[in-house]
Amino acid sequence: MDAVRKGLAKVEIALRWDPSPAGTPPHDLDIVAAVYSAADPYGEPAQLVHFGSRSPDGTITLDRDSRTGQGFGFDEVMTLELNRMRPESVRVVVGVVIQDAGPRGARRKTFAAIGGTGVRIREGYTDLAVSDFASVPEATAATVALFTRDTAGSWTLDPTVRGSDAPPEDFVRTMGTHR
């Protein structure tokens, strides 16, 4: 992905992937965002936004949600209005989780098993970062962006892809604990 970007206001995280082969369970990837407060920037998220939820203040919305990857281009889109977030919100970590309803205890689906993956981070019509999950093929989830607010109130993007093999519930609870 590209280098760190500064002074961000409203960004879009878009996710794409190919549908599963005919006769197999669908690939379901989900974008999740965790907002951390200045009081606990690496602890429990103050807000967690994912499919079926939204941020209470409306600054993070899931604009498009796909359960299969069928469609043209980017199938799932989340918008972050960083410029409207409360001053005590100092970090936003965005991740992608593979929702796999496989048998209990079985190995979950990894990014290597899903074709055509891609993530794009954009402000307006400017692509800030574009990547895929080739660097984390054995992961079942990954962080794709870290937004940090400095003391002047300006937001910075670090678009590093970092893989995880934690179950979805554990990943979303801990994805922002990395320093």
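Remember, predicted model here, so these are calculated numbers, not experimental data.

1. Overview of the nonpolar core
Counting 35 residues, the largest nonpolar core has Leu80, Leu82, Val92, Val94, Phe111, Phe133 and Phe147 as the members making the most contacts within it. Broken down by secondary-structure element, the contributors of at least two residues to this core are β2 (10-16), β3 (28-37), β6 (76-81), β7 (89-99), β8 (118-123), β9 (126-131), β10 (141-149) and β11 (155-158). Once residues lying within four places of it in the same chain are set aside, the contact partners of Val94 are Ile13, Ile31, Val32, Ala33, Leu80, Ala142, Thr143, Val144, Ala145 and Phe147. Ranked by size, the runner-up nonpolar core spans 10 residues in total, among them Val32, Val93, Phe171 and Val172.

2. Points about the environment of Leu146
Relative to the helices and strands, Leu146 is located in strand β10. For Leu146, a relative accessible area of 24% gives the class partly exposed. Expressed as a C-alpha distance, the spacing of Leu146 and Val161, which sit 15 residues apart in the sequence, is 9.5 Å. When neighbours within four sequence positions are excluded, Leu146 is seen to be in contact with Arg91, Val92, Val93, Thr156, Leu157 and Asp158.

3. Considering the environment of Val97
Following the sequence through the fold, Val97 ends up in strand β7. In sequence terms Val97 and Pro167 are 70 residues apart; their C-alpha atoms lie 8.7 Å from each other. If we ignore the near neighbours within four places in the chain, the residues touching Val97 are Asp28, Leu29, Asp30, Val32, Thr140, Ala141, Pro168, Phe171 and Val172.

4. A short note on the confidence of the model for the protein
Mean pLDDT for the protein: 85, with 87% of residues reaching 70 or above. Looking at the elements of the protein, mean pLDDT is at its lowest for strand β1 (residues 5-8), recorded as 78, and at its highest for β10, recorded as 95.

5. Focus on the packing of aromatic side chains
For the structure on display, the rule yields one aromatic pair. Over the aromatic face of Tyr36 sits the side chain of Arg91, whose NZ or CZ is 5.2 Å from the ring centroid.

6. Looking at the environment of Thr79
By secondary structure assignment, the location of Thr79 is in strand β6. Residue classification places Thr79 among the buried positions, given a relative accessible area of 11%. Remark: the alpha-carbon pair of Thr79 and Leu62, spanning 17 residues in sequence, is separated by 6.5 Å. The residues contacting Thr79, other than those within four sequence positions of it, are Lys10, Val11, Glu12, Thr59, Ile60, Thr61 and Asp63.

Reading the values: rules and limits
- Residues numbered from 1 in each chain as written.
- Predicted model: local features only at pLDDT ≥ 70, side-chain atom pairs only at ≥ 80, totals over all residues.
- Heavy atoms only, no water.
- Core = buried A, V, L, I, M, F, W, Y, C linked by side-chain atoms within 4.5 Å.
- Buried < 20%, exposed > 50% of the residue type's maximum accessible area, 1.4 Å probe, protein only.
- Helix = DSSP H or I, 4+ residues; strand = E, 2+ residues; numbered from the N terminus.
- Contact = heavy atoms within 4.5 Å.
- pLDDT = per-residue confidence, 0-100.
- Phe/Tyr/Trp six-rings, centres within 6.5 Å; stacked < 30°, edge-to-face > 60°.
- Lys NZ or Arg CZ within 6 Å of the ring centre and 35° of its normal.

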